[in-house]
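One letter stands for each residue in the lines below.
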Amino acid sequence: MGKRITIDPITRIEGHLKIEVEVENGKVKDAWSSGTMARGFEALLLGKDPRDASYVTSRFCGVCFSVHQMASVRALDAAFGAQVPWGGILLRNLVMGAEYIYDHLVHFYHLSALDYLDIMAIAKYTGKDPELSKVKEKVVGLVQRGDTFPLTPRYEPDEFSVKDPDVVTTAVKHYLDALKMQIKAKNMGVIFGGRAPHYQSIVVGGFTQYPDINQVARFRSMLDELAAFVNEVYIPDVVAFGTGPLLPLAKAGIGGGHRNYLSYGSFELDEAGQKLLFKPGVVVGVKGTEGLTVRPFQHEKITESVRYSWYKNDTPRHPYEGAQVFDLERRDAYSFVKAPRYDETPMEVGPLARGVVDRDPMLLGLMNDYGVKPGAVARHAARAIETKKVVEAMYHWCDELTAAMTKPGFKIHDTDHWQPPAQGEGAGFFEPPRGALGHWIRIKDHKIANYQAVVPSTWNASPRDERGLRGQYEESLIGVPVPDPENPINVVRVIRSFDPCLACAIHLIDPRTNQIRKFLVE
Amino acid sequence: MAKSFDGLSRRDFLKFCAGAAAAFGLSDLFTSEMIAEALAAAAKKPPLIWLEGQDCAGCTISLISVENPSPASLILDKISVRYHETIMAASGHIAEKAREEAVKEGGYVLVVEGSIPSADDRFCMVGGHSFRRIVKETAEKAAAIIAVGACAAFGGIPRGTPTKGVPLSTILPGKTIIKLPTCPVHMDHLMGTIIYFLVTHKAPPLDKLGRPLMYYGMTVHENCRRHAHFDEGEFLSDWNDPKQRDWCLVEKGCKGPEAYSDCPIRRWNNGINFCIDAGAPCQGCSEPEFYDRHTPLYAAGPVTERILAKRAAGLIPRKEDA
């Protein structure tokens, strides 16, 4: 029997996550992922005007903000029979593109980087660069005043931590620069989105902000600055880390897990929606970068298991049929997260899944050149590479929007389908930064009759299923080196590489009974 | 004043203070020198504990959205962030220990984001403890308590769910709680309130619901640029029509006449835009009725009927009378 380690809370993620691992001979032998907070949004939506859904579900998460708004309006568009005009599609794409840039920068620099840097190495910086010297002065000032919160306390740096004073000081400067850049990305999105987090202008049928040409110009000039940062700082940083100090972790494929990948596809590149920036598809059992077989995605193959979740026991169901009652007394349950499976198989979703499904040449090239296996480091690389892809597409959308605006009859909204139908159902799919997201709605008597969402972190953070198969976080921890049980830094590195979002992952409740049994913890 | 403050040059420091006064509407109350003196006089950085319950972290993301003064200048230089799950380096028991130690020392600003489940404590657990217990323990020795966002201030969206989210005031009866609703919290309201407290060691003057009057003193409608269209009965019905681009959104469900916040003057995200300017109705996220008593959000419902009845009765002043 190995030693059991509990990490609760996992910080620098969205939401409340507990990870337990069993460590034997310095390696993780088994793992359990538990979501420890629930709200229960779906019950609230029952009987409401269907148009409320996009606003309310946006509040699943304020970090990857508005991604649920997008999936929700797509489900509503389908249920209402709305045809979103090209102008509306472009505006949606542009504000969500801005969200991608903000989100990926925050994830790499502000949520993850502290796992890889020995911040205190800055004190040893002896260079003369005036900008870097300012960073050194700042950090040394904090140390001298005896207050380095929130940079400390921390898990102690290990053999994979970057300790070179020049590199660390540069990285911390980029941490501070990226803090400004993520604000700029939000500012850019807000030009059309209204405010952030939680954009206001995405509604069923299209968009509410009628754009003018000055706004497009302002958007574009902010995009120029962000593009420069992504290309000249973010991507080089990720490549330098991944192929430098972290190369041993990258080559060993630490945190690879099941290596099954799912993407729903996203971001229309043409008016007919024939061409997508990210393609949909499924790839199972990836060994390397050669011979990847991409199968078509069919949403009918999605089921959700509650075998180890705090819901009343039930057979796995498709989201349209989903209906869960909280049951906090189940002895073998250990999470509020359910276990979605595709064709009964646990999947990884997110940037790495998109890169694999797309057979992205830049990602696969980088992995080939350095012998990087799918895992934690590859996830960071995939995230940076797709940010570049999104930035390039955003220029295309700016051009398309400018062209569309000059044509007579320019439209941003399908006003003919604004009123909720008497009956209807719709599924909406979107690829947010964290991966495959689906919303399902049923409408009866003009009101919401059922609402379900299967979100990225539900796929990744899921507990075991009927067959006892671990979720992707759990599987990805198997074999991870933990030489010192007091300092499980590799465990949090692997978990954070997924960019967990637990508030998103847990939001369900039984729409029919709203039953909860009483029990107090204290 | 000392030549440098936390490794900042005096010039940078004064820039922060001037920026803060201007950006957060504090310049009527304090000069930048007053802010500078109050902050420099502190022997050490005032500690902050930020707790997240039934939240979406949207208020945290709002915090890191102010351009000037930058969030780094607040988080690293002006306050000592002893616990904040989304920001801090530490995880697990190391993080929990940091909170326990800060609580022992006392005298911190406590910020709470998210509601607290009242149906069953197990709907929100952190580090093996119920969130309710953590909040109660942490509130004991707090110098100031700020409820950020609609959820912590009034229950917000989780109030209507089966987990029955309740606001901070429900589990801390008798405590003074500064409430900063809106969904998420307005970044300027939050930064400005923290700086107000650091300068005066007091809560700003509050309305009867606990919201700072300096930010929540007037309705959205009173300052709305579409006010005249409301008076004229020009209500937007089609977002595609350039002629209607600035018309009143009341028939799209706008709650502006019943919502108290300075959004139309301050706008959001460094003054770039805000809901109504983006053609989206105000959903009254500053109010205790948000969300479940504000539905339907995008259609004329009970709130709209009330607003239009008041308008017909001449109870809402016209722009020229205001």
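In every chain, residue numbers begin from 1 and rise along the written sequence. Here every chain gets a letter starting at A, and every ligand a number starting at 1, in the order they are written. Only residues with pLDDT of 70 or above have their local features reported here, since the model is predicted, and side-chain atom pairs are shown and tallied only from 80 upward, although totals for entire chains, interfaces and linings are computed over all residues.

### A short note on the overall build of chain A
- Helix and strand definitions here come from DSSP, where helices need a minimum of 4 consecutive H or I residues and strands a minimum of 2 consecutive E residues; each element is numbered from the N-terminal end. Per the secondary structure count, chain A includes 15 helices and 14 strands.
- Here the globule rule reads 2.2 Å times residues to the power 0.38, and the radius of gyration is calculated from C-alpha atoms. Taken against the 2.2 N^0.38 rule, which gives 24 Å for 522 residues, the C-alpha radius of gyration of chain A at 23 Å falls within 12% of a compact globule.
- Every one of the 522 residues in chain A was classed for burial, and the buried ones make up 61%.
- Note that contacts rest on C-beta atoms placed from the backbone: two residues are in contact if these are within 7 Å. Counting only contacts in chain A whose residues sit at least 6 apart along the sequence, the fraction spanning at least 24 positions is 75%. Counting other C-beta atoms within 10 Å of a residue's C-beta gives its exposure: the residue is buried at 20 or more, exposed at 12 or fewer, and partly exposed in between, where C-beta atoms are placed from the backbone.

### Concerning the domain arrangement of chain B
Residues and elements named next belong to chain B.
- Bear in mind that the domain bounds are from an automatic or database domain assignment. Taken domain by domain, chain B holds domain 1 (4-215) and domain 2 (221-314).
- In this structure, domain 1 and domain 2 have C-alpha centres spaced 29 Å apart.
- Three classes are used, and their members are as follows: Ala, Val, Leu, Ile, Met, Phe, Trp, Tyr, Cys and Pro are nonpolar, Asp, Glu, Lys and Arg are charged, and the others, Gly among them, are polar. Along the lines of polarity and charge, the residues of the side of domain 1 that touches domain 2 split into eight nonpolar, five polar and three charged.

### A look at the confidence of the model for chain A
- Here chain A averages 91 in pLDDT, and 95% of its residues register 70 or above.
- A score from 0 to 100, pLDDT tells how confident the predictor is in each residue. Ignoring residues within four places in sequence, the model shows residues 507-522 of chain A, a span with pLDDT below 50, making 50 contacts including any to other chains.

### Here we look at the environment of Thr 208 of chain A
- On the secondary structure map, Thr 208 of chain A appears in the loop between β5 (206-207) and α7 (213-243).
- Using a count of 28 C-beta atoms within 10 Å as the deciding quantity, one classes Thr 208 of chain A as buried.
- The contact partners of Thr 208 of chain A, leaving out residues within four places of it in the chain, are Ser 201 and Val 203 of chain A together with Trp 239, Ala 278, Gly 279 and Ala 280 of chain B.

### Considerations on the interface of chain A and chain B
- Of the residues lining the interface, 78 residues belong to chain A; the matching set on chain B comes to 78 residues.
- For the side of chain A that touches chain B, the elements supplying multiple residues, two or more each, are α1 (41-45), α2 (52-58), α5 (130-144) and α6 (165-193) of chain A.
- Of all the elements, α6 of chain A adds the most residues to the side of chain A that touches chain B, at nine residues.
- In terms of residue class, the side of chain A that touches chain B is built from 40 nonpolar, 18 polar and 20 charged.

### Overview of the packing of helix α4 (residues 86-112) of chain A against α6 of chain A
Residue and element names in this part refer to chain A.
- Viewed as axis vectors pointing N to C, α4 and α6 meet at an angle of 165 degrees, and their least axial separation amounts to 9 Å. Judged by the angle between their axes, α4 and α6 are roughly antiparallel. For the pair α4 and α6, the crossing hand works out as left-handed. Residues Leu 91, Leu 94, Val 95, Ala 98, Glu 99, Ile 101, Tyr 102, Leu 105, Val 106, Tyr 109 and His 110 of α4 form the contact with α6, whose own contacting residues are His 174, Tyr 175, Ala 178, Leu 179, Met 181, Gln 182, Ala 185, Lys 186, Met 188, Gly 189, Phe 192 and Gly 193.
- Looking at the contact of α4 with α6 residue by residue, the class counts come to 16 nonpolar, five polar and two charged. Between the N-to-C directions of two axes lies an angle of 0 to 180 degrees, each axis being a line fitted to C-alpha atoms and, for a helix, fitted only over the stretch in contact. Angles below 35 degrees are treated as roughly parallel, those above 145 as roughly antiparallel, those between 65 and 115 as roughly perpendicular, and all remaining angles as oblique. Crossing handedness: left-handed means the near helix sits turned counterclockwise from the far one by under a right angle, and right-handed means the same turn made clockwise.

### A look at the sheet that holds strand β3 (residues 27-35) of chain A
Residue and element names in this part refer to chain A.
- Strands are treated as partners if at least two bridges between them are detected by DSSP. Strand order in the open sheet made by the three strands is β1-β2-β3, with antiparallel pairing throughout. In the strand order of this sheet, the two ends are held by β1 (3-7) and β3, each with one partner. Strand-to-strand twist of the sheet, defined as the mean angle between neighbouring strand axes without regard to direction, takes the value 20 degrees.
- Here five bridges tie β1 to strand β2 (residues 17-24), and the two strands are oriented antiparallel to one another. Its bridge partner being in β2, Arg 4 is matched across the sheet by Glu 22.
- Of the strands in this sheet, β1, β2 and β3 are in contact with helix α14 (residues 489-497), which crosses β2 at around 135 degrees.

### Thoughts on the nonpolar core
- Nonpolar cores are built from buried Ala, Val, Leu, Ile, Met, Phe, Trp, Tyr and Cys residues. These are joined into a set through C-beta atoms within 7 Å. With 266 residues, the main nonpolar core has Ile 101, Leu 105 and Val 491 of chain A together with Val 148 and Ile 195 of chain B as its most contacted residues.
- If you tally residues by element for this core, the top one is α4 of chain A, at 16 residues.
- Mapped onto the domain boundaries, this core takes at least three residues apiece from domain 1 (4-215) and domain 2 (221-314) of chain B.
- Apart from residues no more than four positions distant in its own chain, Ile 195 of chain B is found in contact with Ala 20, Phe 24, Leu 26 and Ile 35 of chain B.

### Remarks on the pairing of β2 of chain A
Residues and elements named next belong to chain A.
- With eight bridges joining them, β2 and β3 adopt antiparallel strand pairing. Bridging from a neighbouring strand, Val 23 pairs with Val 28 of β3.
- Here β2 folds back onto β3 in antiparallel fashion, the turn holding two residues, of which Asn 25 has a positive phi close to 50 degrees.

### What to know about the environment of Lys 27 of chain A
All names here are of chain A.
- Its place among the elements puts Lys 27 in strand β3.
- Taking the C-alpha atoms as reference, Lys 27 lies 9.1 Å from Leu 477; in sequence the two are 450 residues apart.
- Here Lys 27 is in contact with Gly 479, Val 480, Pro 481 and Val 482, once residues within four sequence places are set aside.

### Quick notes on the sheet that holds strand β11 (residues 178-180) of chain B
All names here are of chain B.
- Here we have five strands laid out as an open sheet, ordered β4-β3-β5-β9-β11, and parallel in their pairing. One side of each edge strand has no neighbouring strand; the edge strands of this open sheet are β4 (80-84) and β11. Ignoring strand direction, the axes of neighbouring strands in this sheet form an average angle of 20 degrees.
- With five bridges connecting them, strand β3 (residues 47-52) and strand β5 (residues 108-113) associate as parallel partners. Bridge pairing in β5 links Ile 49 to Leu 110.

### Details of α5 of chain A
- A helix is expected to reach a length of 1.5 Å times the quantity of its residues less one. Between its first and last C-alpha, α5 of chain A extends 20 Å over 15 residues, near the 21 Å set by a 1.5 Å rise per residue.
- Turning to α5 of chain A, its buried residues are Val 135, Lys 136, Lys 138, Val 139 and Leu 142 of chain A. The buried residues of α5 of chain A occupy one face: seen down the axis, they fall within an arc of 160 degrees. Opposite the buried face of α5 of chain A, at more than 90 degrees from it, the exposed residues are Pro 130 and Gln 144 of chain A.
- Those residues of α5 of chain A hidden inside the fold are in contact with α6 of chain A together with α4 (71-78) of chain B.
- Just beyond α5 of chain A, the residue with positive phi is Gly 146 of chain A, at close to 70 degrees. Working definition: the arc comes from the directions between the helix axis and the C-beta atoms, pointing outward to the latter.

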